[in-house]
Amino acid sequence: MADINREVVHLLAGQVQVSFIGLTVAIEHIRSGKLRALAVAAATRSDVLPDIPTVSDFVPGYEASAFWGLGAPRNTPAEIIDKLNNEINAALADPQLKARFADLGGTVIAGSPSDFGSFVATETEKWAKVVRFAGIKPE
């Protein structure tokens, strides 16, 4: 997070002209007019910035979204996972919480543990292909 905040500082100071940063980090600066959004990297336009195009409007197929989720240790009992999932989904359904996330530029997506596991696996493979294609090696 410190690198993201540093990037915002550099943008605001005019030391960097363009950057890919998360909407939740940039939204207050976009709303204040201190930053100008050129595009969103998500697959669809943002509900909070509906007039801003997506990168895929210019580069078909491009999509790079940040996400947050909750995980538990591998051997956590299923009943505990189910209880946590039910409680988290109930919280995410709360209109006030959804509104707060939306205000921050986020989108709430509730689901099952298997839905999230599939999503993480898909994202992992997508970015692994990018790393392989770019020839990136661990340092």
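Just above sits the structure.
Residues numbered from 1 in each chain as written. Predicted model: local features only at pLDDT ≥ 70, side-chain atom pairs only at ≥ 80, totals over all residues. Heavy atoms only, no water.

## Overview of the overall build of the protein
Right, so step 1: On a plain count of helices and strands, the protein comes out with five helices and zero strands.
Right, so step 2: The secondary structure elements of the protein, listed N-terminal to C-terminal, are α-α-α-α-α.
Right, so step 3: Buried positions account for 17% of the 139 residues belonging to the protein.
Right, so step 4: Partitioning the contacts of the protein with sequence separation of at least 6, the portion at a separation of at least 24 is 30%.
Right, so step 5: As displayed, the protein has an accessible area near 10,500 Å², and 60% of this comes from carbon and sulfur atoms.
Right, so step 6: For the protein, the centre of its 13 positive side-chain charges and the centre of its 16 negative side-chain charges are spaced 5 Å apart. (Helix = DSSP H or I, 4+ residues; strand = E, 2+ residues; numbered from the N terminus. Buried < 20%, exposed > 50% of the residue type's maximum accessible area, 1.4 Å probe, protein only. Contact = heavy atoms within 4.5 Å. Areas by Shrake-Rupley, 256 points an atom, 1.4 Å probe, with all protein chains shown as cover. Lys, Arg positive; Asp, Glu negative; His and termini not counted. Charge placed at Lys NZ, Arg CZ, Asp CG, Glu CD.)

## Some remarks on the environment of G111
Right, so step 1: Tracing the chain through its elements places G111 in the loop between α4 (95–103) and α5 (113–134).
Right, so step 2: Accessibility expressed as a relative area gives 25% for G111, which makes it partly exposed.
Right, so step 3: Between the C-alpha atom of G111 and that of L92, which follows or precedes it by 19 residues, the distance is 9.9 Å.
Right, so step 4: If sequence neighbours within four positions are ignored, G111 has contacts with N85 and N89.

## Some remarks on the pattern of salt bridges
Right, so step 1: If you walk through the whole model with that rule in mind, you get seven salt bridges.
Right, so step 2: Residues K83 and E87 are paired through a salt bridge, measuring 3.3 Å at the closest nitrogen-oxygen approach. With K83 and E87 both in helix α3 (residues 78–93) and four residues apart, this pair spans about one turn of that helix.
Right, so step 3: Judged by relative accessible area, K83 falls into the exposed class, the value being 53%.
Right, so step 4: When the shortest N-O distance is used, the salt bridge between R132 and E125 registers 2.9 Å.
Right, so step 5: What makes R132 exposed here is its relative accessible area of 54%. (Salt bridge = Lys/Arg side-chain N within 4 Å of Asp/Glu carboxyl O.)

## What to know about the packing of aromatic side chains
Right, so step 1: Enumeration over the complete set of coordinates arrives at three aromatic pairs.
Right, so step 2: For the pair F20 and Y62, a centre-to-centre distance of 6.3 Å together with 45° between the ring planes defines the contact as tilted. Of the two residues, F20 is situated in the loop between α1 (2–12) and α2 (23–32) and Y62 in the loop between α2 and α3; the sequence distance between them amounts to 42 residues.
Right, so step 3: Residue classification places F20 among the exposed positions, given a relative accessible area of 63%.
Right, so step 4: Through successive ring pairs, a cluster of aromatic residues spans F67, F116 and F119. (Phe/Tyr/Trp six-rings, centres within 6.5 Å; stacked < 30°, edge-to-face > 60°.)

## Considerations on α5
Side chains of residues three or four places apart in an α-helix project in the same direction, reflecting 3.6 residues per turn.
Right, so step 1: If you check α5, its first and last C-alpha atoms are 32 Å apart, about what 22 residues at 1.5 Å a residue would give, namely 32 Å.
Right, so step 2: The positive-phi residue at the C-terminal boundary of α5 is G135, with phi of around 70°. (Expected span 1.5 Å × (residues − 1).)

## Quick look at the nonpolar core
Right, so step 1: Counting residues in each nonpolar core, the largest one holds ten residues, listed as L11, L23, A26, I27, I30, L35, A37, V40, L49 and I52.
Right, so step 2: Ranked by residue count, the leading element in this core is α2, at four residues.
Right, so step 3: Those residues in contact with L35, other than ones at most four positions away along the chain, are L11, L12, I21, A26, H29 and I30. (Core = buried A, V, L, I, M, F, W, Y, C linked by side-chain atoms within 4.5 Å.)

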